[in-house]
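# Per-entry structural report
What follows is the residue order along each chain.
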Amino acid sequence: MFWNKRIYADAAAATPLSGAARKELTRLLELYGNAGALHKEGVEAKKELEKARRAIADSIGAHADEIIFTASGTEANNLALHGLLRPMLLQDGEVHAITCAIEHQSVLEPLRALEREGLYVTTLEVDKEGLVDPEVLRGALNEETALVSIQLVNSEVGTIEPVRELVKEIRRVRGSRQGDALKSLGVKASPLFFHTDASQAPLWVDINVEKLGIDLMTLDAQKVLGPKGIGALYVRRGTPIEPILWGGKQEGGLRGGTENVPQAGAFAVALADAHSGVEERAKNMTEVRDYLWSEIKKLIPDAMLNGPSMHANQDRPGFRVANNLSVSVPGLEAEMAVVSLDALGIAASTRSACTIGDAEPSHVIKALGVPQELAGTAIRLTLLPGATRSQMRRIAAALKETADRYRS
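What comes next concerns the included structure. Every value quoted in this text rests on a predicted model; they were computed, and no experiment measured them.

### Let's talk about the packing of aromatic side chains
In the structure shown here, the tally under the stated rule is 0 aromatic pairs. Arg389 extends its terminal NZ or CZ atom over the ring of Tyr291, reaching a point 4.7 Å from the ring centre.

Pasting the structure below:
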């Protein structure tokens, strides 16, 4: 089988530039002034930078001064975790953080690094759908817990975590701490904050920060039809955070380094487009994705789904994000399958691009309790907006051909 036109099904790793983002990037590339300078060229760059900041804030229901530009989602996660927790460690010594077993490595690895400095971390287990139980979070919280970091959407199996419900547990503890502090006059309540990595969410899920109730949120342009090399961290007013990159007073003193104005502007346009019509986009994509799964099951009856089952109601805990399908074909090694699909014109993946090269099966798949013999068979298909049913038939047919040829 040979296809003349390729199908890109690895949107969780990166997306192409949208037409609007490309147009804005091209326009802003004409700017060469440093946004920190006082001359005309610098002022023009600063004006465009702040325009982008306001646009991103508007897209998520935040204030402009709550948006910090970074070079990636990974940097934003590091800034959130190190910038918040390290000062607390230096001041208090005993500090506790909570995360979950299927977080991106840009959350897990910074927390491991902080453990070497004295932080102690609780990593919550998830159920077979990748879901964090709010009651389990409640049991893990203690008086030294300073930060909970739970992603909004998992990049590998597409689980949408019940962040609003998890935040309710944070608010309950905050209220209790404030009450205890009032009883002990002169004693300040211990801080407790909630961070979510929402990099995979904007095209498919509402990311209004007030509705979510979170204190910090990570965004990444390359996941929303924007450019690579630009991300952002939302930091709610009053959240204490220190820089991790030193050498300048840019970004409110929280991120030294000359700001990338063209990238920021293109990011803002892409995020605004993602915010517009998100519900309808998710509804349409869910129908296309479900059709893909039905075609795969028709051609490969023993194919298995990893992560959340298919639910029509996005508000139901465990719901799978609209563009994600994680499939295992017993006996078909995932890396071989991805190479074969590539030769047949289909771009797919096995896991997060940040963990490619790890010989071990995906930590996400293992955390779901997938049997050892199937742990290396997970194929991730993440679709772009505008994917069609005819493309889904091609993907299913290519996977069938691959399975017939390579499965043991």
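Having seen the model, we can carry on.
### Here we look at empty space enclosed by the protein
Under the definition given, this model contains 1 cavity of 30 Å³ or more. Each pocket or cavity is described by its volume, and for the largest cavity that value is around 100 Å³. Every residue lining the largest cavity is counted, 17 residues in all, and those nearest its centre are Ala11, Ala12, Gln200, Trp204 and Asn323. A per-class count over the lining of the largest cavity returns 8 nonpolar, 8 polar and 1 charged.

### As for the environment of Ala201
Inspection of the secondary structure assignment puts Ala201 in the loop between strand 6 (193-197) and helix 7 (209-212). By relative accessible area, which is 0% here, Ala201 ends up buried. Look past the residues within four positions of Ala201 in its chain and what remains in contact with it is Leu152, Val153 and Ile207.

### Here's the deal with the packing of helix 9 (residues 278-299) against helix 12 (residues 389-406)
Helix 12 packs onto helix 9 with a crossing angle of 30° between their chain directions and a minimal axis gap of 9 Å. Looking at the two axes, helix 9 sits roughly parallel to helix 12. Of the two possible hands of crossing, helix 9 and helix 12 adopt the one that is right-handed. Every residue of helix 12 that contacts helix 9 at Glu287, Val288, Tyr291, Leu292, Glu295, Ile296 and Leu299 is listed here: Arg389, Met392, Arg393, Ile395, Ala396, Ala397, Leu399 and Lys400.

Conventions and cut-offs
Residues numbered from 1 in each chain as written. Predicted model: local features only at pLDDT ≥ 70, side-chain atom pairs only at ≥ 80, totals over all residues. Heavy atoms only, no water. Phe/Tyr/Trp six-rings, centres within 6.5 Å; stacked < 30°, edge-to-face > 60°. Lys NZ or Arg CZ within 6 Å of the ring centre and 35° of its normal. 1 Å grid on protein atoms, 1.4 Å probe; cavity = no way out; pocket = protein on both sides within 12 Å on 5 of 7 lines; lining within 4 Å. Points joined across faces, edges and corners; volume = space filled by probe spheres on them. Nonpolar A, V, L, I, M, F, W, Y, C, P; charged D, E, K, R; others polar. Helix = DSSP H or I, 4+ residues; strand = E, 2+ residues; numbered from the N terminus. Buried < 20%, exposed > 50% of the residue type's maximum accessible area, 1.4 Å probe, protein only. Contact = heavy atoms within 4.5 Å. Axes fitted to C-alpha atoms, helices over the stretch in contact; angles between N-to-C directions. Parallel < 35°, antiparallel > 145°, perpendicular 65-115°, else oblique. Left-handed = near helix turned anticlockwise from the far one by under 90°.

Such coordinate-based values are descriptive only and should not be taken to indicate function.
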